[in-house]
Each structure stands twice: as C-alpha cells, then as structure tokens.
Amino acid sequence: MKSVVLLLVVFAVEASAQCTCVNLLWAKCEGTPCKCYLPVQTPNRQLLDCTKLIPKCFLMKAEMAHIQGKRRLGGKPVETAIVDNDGIYDPDCTSTGQFRPKQCNNTEECWCVNSAGVRRSDKGSKDIQCEEVETYWIRLDLKHTTASHLNLTKIKTTIENVLQERYKLGKNLVKEVKYDEQANLMVVDIKKDIGDRTQDLSHMAYYLMKDVKGTTLFSNGSKLKFTTDGQNVSFEDIIIYYVDEKPPTFTMKSLTGGVIAVIVVVLLAVVCGLLVVYFVRKRERAMNKGQ
Ligand SMILES: *[C@@H]1O[C@H](CO)[C@@H](O)[C@H](O)[C@H]1NC(C)=O
Ligand SMILES: *[C@@H]1O[C@H](CO)[C@@H](O)[C@H](O)[C@H]1NC(C)=O
Ligand SMILES: *[C@@H]1O[C@H](CO)[C@@H](O)[C@H](O)[C@H]1NC(C)=O
Ligand SMILES: *[C@@H]1O[C@H](CO)[C@@H](O)[C@H](O)[C@H]1NC(C)=O
C-alpha cells in the first residue's frame, strides 16, 4: 500500500517536473498536455512556444512584472544619477512577440523602437509617428576574465558553436570575430541580410546578456560554458550594439554624427555599478558635511 502511494507521489512529481518551459524559467506551465504562458496578463494570457527562444518583447514584459513585484536594493542613489542606457520598460508586444514600433511604457511619453525594442528616436508625445525598422546587425563586445593566450581561429569556432548550440543561431550569421588580447575583448558581429524578416537577432542577444549577467533564462539553470583552446573562459561584461536598416532619428548631434547607428550600450559589470554608487554616496556625504 505504502509503495503504491509512494509510486503515485513520484509519478505526480515527475509529471509536474516535466511541465516546464525549457526556454523560460519564469513561464507558468500547467496541464496535460503541458502548456506554458507568460507570467503576466497581457490582455489575454500569452501562450508560449517553448521549443524556440522566447521573443525579447515577451521576455521584457515578464521581467517588468518580475521586478515590480519586488522592492529591490540598489537602483538610483539620487534622482540625478544616470546610467548609460534606458533600461527596460513594459513593452507593447504583438501577439507573435514583436515590438510595436511605438512604445510608451504605460505613460503619456512615447518613443520609437527598432525590432529589438531599442529606442531610436527622441521621446515625444503620444502622437509620435513611428515606422517599423529592422535591426539587421548586432555587435557583441564580450569582455572575459583573464586567460592566457587564446587563439583567434579557435575562438571563432567556439563562438559559432556556442551560439548555435545554446541559442540556435545559424553559424552563417556570425560574420566576423575579432579579438583584442590586451583588453580581454572578443568582438562578434552577427548580421543577417537587409530585408530578411525570417529571423530575429535580438532574442539571442537578450539570452546571452542574461547568461553573462549570471541570471540565465533557461529553466534547467545551466550556465554558459565557453571552453576554447583547453581553457574555460568566463565573461564579466557585455556591451550590445544594434544597427538598424535605417539610421535612428535622434536629434542630438553626437548620436547622428556617427558612422554606425549605434544606439544602445547595455550593462556595466556589477562591480562598476557598485563603485559608482559608492562614489556618489561618498560625495553626497561630503556635500552634506559641507552644508
Ligand atoms: C518604465 O516605467 C517603469 C515604472 O513603471 C520605470 O521603472 C522604467 O524606468 C521606465 N522605463 C523607461 C525606459 O522609461
Ligand atoms: C590557431 O589555431 C588554428 C586552428 O587550430 C591553427 O591552425 C593555428 O596555427 C593556431 N595559431 C596559433 C598562433 O597558435
Ligand atoms: C539546458 O538548456 C539549454 C538550452 O536549451 C541547453 O543548451 C543545455 O544543454 C541544457 N543543459 C542541461 C544540463 O541539460
Ligand atoms: C573546465 O570546466 C569543466 C567543468 O565545467 C572542468 O571539468 C574542467 O576541468 C575545466 N577545465 C579547466 C582547464 O579548468
């Protein structure tokens, strides 16, 4: 009798363990057959296709809900503190997970984004006109922790393999890899043809960013492994540049002047963030004393 109960329990646990979304830790899954949904109420529950990477727009939506549920330490030490990117917002997604070109983050202030959801215009009013613009080129600046002498040819092969195995990115999209040994920096250019609407580069970039941050989105919790030339390399920082089919429309000269339409710079190492907070605090304290 006991063993029957035990068996049933084991069976139940196994059944529920199987109902997870491989590609999204935060997904809400239930039922047989197993169905998974975004853990937020868009107007309707959003069913997910867990056999593929989840579109970035859905991921951001889920993350906003995730963040808003918690009161976190850190964040802006003072209202005037700035970071080098817009941060995430609560995006307006189509039913297939594309970013709508106009985004307002539930406010009266709106702006235009590219297909990667990155702002490409000044912020404006609710009537701002936005067109659909595709991001066709993504550059990853990957800074790794110290390692001895890596071989560029081997790095390129490893990158292609890792991106394909972990994020299902076709090897033909990895157009160029450069390596700056002094700076511990790998530069990876991922490009698709202009006009190609069959694949979206922003999803894999988002998954990779999360992996480098150490907060993987995969529900098995597996960490990003990068073994090249017999060495385990780990990354401490990533900067992602997005290049669109049309240049962005910022009015600031410094931005439109560039050759490349570089739009956003993401993610400082946590340590850097803490240092900034530390220095700002210190200055605040010094200023308070002064007064
Ligand atoms: C969007 O709104 C949230 C608060 O609801 C805020 O924390 C976040 O910084 C906003 N993002 C942008 C890009 O405006
Ligand atoms: C780097 O690796 C490639 C392929 O394994 C090899 O042909 C090449 O000689 C290596 N280069 C150096 C400088 O070790
Ligand atoms: C976890 O899932 C990822 C993405 O599907 C996969 O690449 C990796 O091999 C899995 N790891 C394990 C230990 O199952
Ligand atoms: C690299 O990591 C794997 C485990 O992920 C370990 O078995 C292996 O010994 C490591 N190699 C080196 C050179 O540190």
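Cut-offs used in this document
Sequence order as written defines the numbering, with residues in each chain counted from 1. Chain letters and ligand numbers both follow the written order, the letters beginning at A and the numbers at 1. Restriction of local features to residues with pLDDT of at least 70 applies here, the model being predicted, together with a cutoff of 80 or more for giving and counting side-chain atom pairs; totals for whole chains, interfaces and linings are based on all residues. Each side-chain value is worked out from all heavy atoms of the structure, with water and hydrogens disregarded. Side-chain rings of Phe, Tyr and Trp, where Trp is taken by its six-membered ring, are said to pair if the distance between their centres is within 6.5 Å; with planes under 30 degrees apart they count as stacked, over 60 as edge-to-face, and otherwise as tilted. A helix here means a DSSP run of H or I that spans at least four residues, while a strand means a run of E at least two residues long, and both kinds are numbered starting from the N terminus. Accessible area is worked out with a 1.4 Å probe on protein chains only. A residue is then buried under 20% of its type maximum, exposed over 50%, and partly exposed in between. Should the NZ of a Lys or the CZ of an Arg lie within 6 Å of a ring centre and within 35 degrees of the ring normal, that charge is described as sitting over the ring. Strands were regarded as paired on the criterion that DSSP finds at least two bridges between them. Consider each residue's heavy atoms; a residue with any of them within 4 Å of a molecule or strand counts as near. Each polar contact in these results corresponds to two N or O atoms within 3.5 Å; when the atoms are within protein, one needs to be able to donate a hydrogen and the other to accept it, and residues that are neighboring in sequence are counted only if both atoms are side-chain atoms. All accessible areas in this document rest on Shrake-Rupley with a 1.4 Å probe, and a residue is counted as covered only by the protein chains that are shown. Working convention: axes come from line fits to C-alpha atoms, limited for helices to the stretch in contact. Angles between N-to-C directions cover 0 to 180 degrees. By definition, disulfides here are pairs of cysteine sulfur atoms that lie within 2.5 Å. Given a helix with a known number of residues, its expected span is that number minus one, times 1.5 Å. Should any heavy atoms of two residues lie within 4.5 Å, those residues are counted as being in contact. Buried Ala, Val, Leu, Ile, Met, Phe, Trp, Tyr and Cys residues form a nonpolar core when they are joined through side-chain atoms within 4.5 Å.

One pass over the structure, following the stated rule, counts five aromatic pairs. Seen from their ring centres, Tyr-207 and Phe-218 are 5.2 Å apart, and the 35 degrees between their planes marks the pair as tilted. Residue Tyr-207 is located in helix H4 (residues 201-213), and its partner Phe-218 is located in the loop between H4 and strand E9 (227-228); the two are separated by eleven residues in the primary sequence. Across this residue pair, the class does not change: Tyr-207 and Phe-218 are buried. Through pairs of rings, three or more aromatic residues link up here, namely Tyr-167, Tyr-207 and Phe-218. Above the plane of the ring of Tyr-37 lies Arg-45, whose end atom (NZ or CZ) is 3.9 Å from the centre. Seen from the ring of Trp-137, Lys-191 lies directly overhead, with NZ or CZ sitting 4.0 Å from the centre.

Bridging between strand E7 (residues 174-180) and strand E8 (residues 185-191) involves six bridges; their strand directions are antiparallel. Its bridge partner lying in E8, Lys-178 is registered against Val-187.

Turning next to the site of ligand 4. Taken together, Lys-225, Gly-230 and Asn-232 are the residues near ligand 4. Measuring from an oxygen atom of ligand 4, one finds a side-chain N or O atom of Asn-232 at 2.4 Å. Here ligand 4 has 370 Å² of accessible area as a free molecule, and 28% of this is covered by the chains.

Bringing the sheet that holds strand E3 (residues 45-47) into the picture now. Reading across from one edge, E1-E2-E3 is the order of the three strands in this open sheet, with antiparallel pairing throughout. The sheet is open, and its two edges are formed by strand E1 (28-30) and E3, each paired on a single side. Each adjacent strand pair in this sheet contributes to an overall mean axis angle of 35 degrees, direction not counted. Relative to E3, strand E2 (residues 35-41) runs antiparallel, the two sharing two bridges. Among the inter-strand pairings, Gln-41 is bridged to a residue of E3, identified as Arg-45.

The next thing to look at is the state of the cysteines. Throughout the structure, instances matching the rule amount to six disulfides. Covalent S-S linkage joins Cys-19 and Cys-34, the inter-sulfur distance amounting to 2.1 Å. Taking the sign of the S-S torsion, about 85 degrees here, the bridge from Cys-19 to Cys-34 comes out right-handed. Of this pair, Cys-19 sits in the loop between helix H1 (2-18) and E1 while Cys-34 sits in the loop between E1 and E2; the two residues are 15 residues apart in sequence, bridging distant segments of the chain. Paired through a disulfide, Cys-21 and Cys-50 show a sulfur-sulfur distance of 2.0 Å. As the torsion about the S-S bond is roughly -110 degrees, the Cys-21-Cys-50 disulfide counts as left-handed. Note that Cys-21 is positioned in the loop between H1 and E1 and Cys-50 in the loop between E3 and helix H2 (56-68), a separation of 29 residues in sequence. With a relative accessible area of 1%, Cys-21 lands in the buried category. Cysteine pairing for the chain, with bonded cysteines counted in sequence order: 1-4, 2-6, 3-5, 7-8, 9-10, 11-12.

Here we come to helix H3 (residues 152-167). Over its 16 residues, H3 extends 21 Å from the first C-alpha to the last, a length consistent with the 22 Å expected when each residue adds 1.5 Å. Those residues of H3 hidden inside the fold are in contact with E7, E8, H4 and E9. At the C-terminal side of H3, Lys-168 shows a positive phi close to 60 degrees.

This part covers the nonpolar core. The biggest cluster of nonpolar side chains holds 56 residues, and the ones touching the most others in it are Leu-24, Leu-140, Tyr-167, Met-186 and Ile-190. Elements represented by at least two residues in this core include exactly E2, H2, strand E6 (135-144), H3, E7, E8, H4 and strand E11 (235-244). Leave out the neighbours within four places in its chain, and Met-186 touches Leu-140, Asp-141, Leu-142, His-144, Leu-150, Ile-155, Ile-159, Lys-178, Tyr-179, Phe-226, Val-233 and Phe-235.

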